[in-house]
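Analysis of the macromolecular model
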Amino acid sequence: MDFKSIIRDIPDFPQKGIIFRDITPLLAHPQGLTAIIQGFQTKFAELNIDIDAVIGIESRGFILGAPLAMQLGASFIPVRKPKKLPSAVFRVEYALEYGTDTLEIHQDAIGVGKRVIIIDDVIATGGTAAATAKLVEQTGAKLVGYGFLIELDFLNGRKALPEVPIVSLVNY
Ligand SMILES: Nc1ncnc2c1ncn2[C@@H]1O[C@H](COP(=O)(O)O)[C@@H](O)[C@H]1O
Ligand SMILES: O=P(O)(O)OP(=O)(O)O
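Reading the values: rules and limits
- Residues numbered from 1 in each chain as written.
- Chains lettered and ligands numbered in written order.
- Predicted model: local features only at pLDDT ≥ 70, side-chain atom pairs only at ≥ 80, totals over all residues.
- Heavy atoms only, no water.
- Near = heavy atom within 4 Å.
- Polar contact = N/O pair within 3.5 Å; in protein donor to acceptor, adjacent residues only side chain to side chain.
- Areas by Shrake-Rupley, 256 points an atom, 1.4 Å probe, with all protein chains shown as cover.
- Nonpolar A, V, L, I, M, F, W, Y, C, P; charged D, E, K, R; others polar.
- Salt bridge = Lys/Arg side-chain N within 4 Å of Asp/Glu carboxyl O.
- Helix = DSSP H or I, 4+ residues; strand = E, 2+ residues; numbered from the N terminus.
- Buried < 20%, exposed > 50% of the residue type's maximum accessible area, 1.4 Å probe, protein only.
- Pairing = 2+ DSSP bridges.
- Axes fitted to C-alpha atoms, helices over the stretch in contact; angles between N-to-C directions.

**A word on the site of ligand 2**
- Inspection of the region around ligand 2 gives Glu 58, Ser 59, Arg 60 and Lys 81 as its neighbouring residues.
- At 2.9 Å from an oxygen atom of ligand 2 is found a side-chain nitrogen or oxygen belonging to Lys 81.
- With the chains in place, 60% of the 280 Å² that ligand 2 exposes on its own is no longer accessible.
- Class assignment of the residues belonging to the shell around ligand 2 gives a composition of no nonpolar, 1 polar and 3 charged.

Here is the structure:
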């Protein structure tokens, strides 16, 4: 499936100068989600790594991470925006272009030493994915890879990430 021809480009959203890569038409395609998950499965299988858990970053990371976890026979762990998780959390604050943002994970979400991958729809500057790696570290789990549907190469976000394999399915 030609993902790029189905992903919709929205100029100047959510602010001037940003081209928003809208994945909703791809999710709406009857075979879209299946093709995305198969794409991830193929690329992670090539890496030949053991995966105990898939972490999805709220909210579009949930849409992709949960079915991937099912296919891999792995746990699914949500990383959420503040004040959504009801039990004790680890919290990370990270810089955005303007201001800061915060993400949280349940302290007991993953077992110590468990091997996890982090999934999100887009890697832009890499700040969100790097912050999520810090949460994983706090839980005592081991980050073994990242998966992104879309990578914005020109922002070089992968440079901000720890040195683990990075899978992306579409590049701009
Ligand atoms: N151009 C974009 N289109 C859609 N979504 C985007 C775009 N740029 C960033 N995002 C969202 O933000 C985070 C990743 O941003 P970082 O700069 O890498 O932290 C990701 O969750 C996207 O949903
Ligand atoms: O739209 P979301 O919830 O996927 O998150 P964000 O764009 O803040 O990464």
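**Looking at the pattern of salt bridges**
- On inspection of all chains with the given rule, the structure shows 7 salt bridges.
- Note that Arg 80 is salt-bridged to Glu 58, the shortest N-O span being 3.0 Å. Of the two residues, Arg 80 sits in the loop between strand E4 (75–79) and strand E5 (89–95) while Glu 58 sits in the loop between strand E3 (53–57) and helix H4 (60–72), which places them 22 residues apart along the sequence.
- The salt bridge partner of Arg 158 is Glu 151, with a shortest N-O separation of 2.8 Å.
- A residue is classified by how much of its surface remains accessible, and Arg 158, at 36% relative accessible area, is partly exposed.

**A word on the site of ligand 1**
- Taken together, 14 residues sit near ligand 1, with Asp 120, Asp 121, Thr 125, Gly 126 and Thr 128 positioned nearest.
- Between a nitrogen atom of ligand 1 and a main-chain N or O atom of Ile 19, the distance comes to 2.9 Å.
- Between an oxygen atom of ligand 1 and a side-chain N or O atom of Asp 120, the distance comes to 2.7 Å.
- Starting from 480 Å² of accessible surface for ligand 1 in isolation, the protein chains cover 82%.
- If you list the elements that add at least two residues to the shell around ligand 1, you get strand E2 (19–22), strand E7 (115–123) and helix H5 (127–139).
- With 4 residues, the top contributor of residues to the shell around ligand 1 is E7.
- Split into classes, the residues belonging to the shell around ligand 1 amount to 6 nonpolar, 4 polar and 4 charged.

**What to know about the sheet that holds strand E9 (residues 166–171)**
- On the basis of which strands lie adjacent, the open sheet formed by 5 strands has the order E4-E3-E7-E8-E9 and parallel pairing. Sheet topology places E4 and E9 at the edges, where each strand pairs with a single neighbour. Across this sheet, the average inter-strand angle for adjacent strands is 20 degrees, counted without regard to direction.

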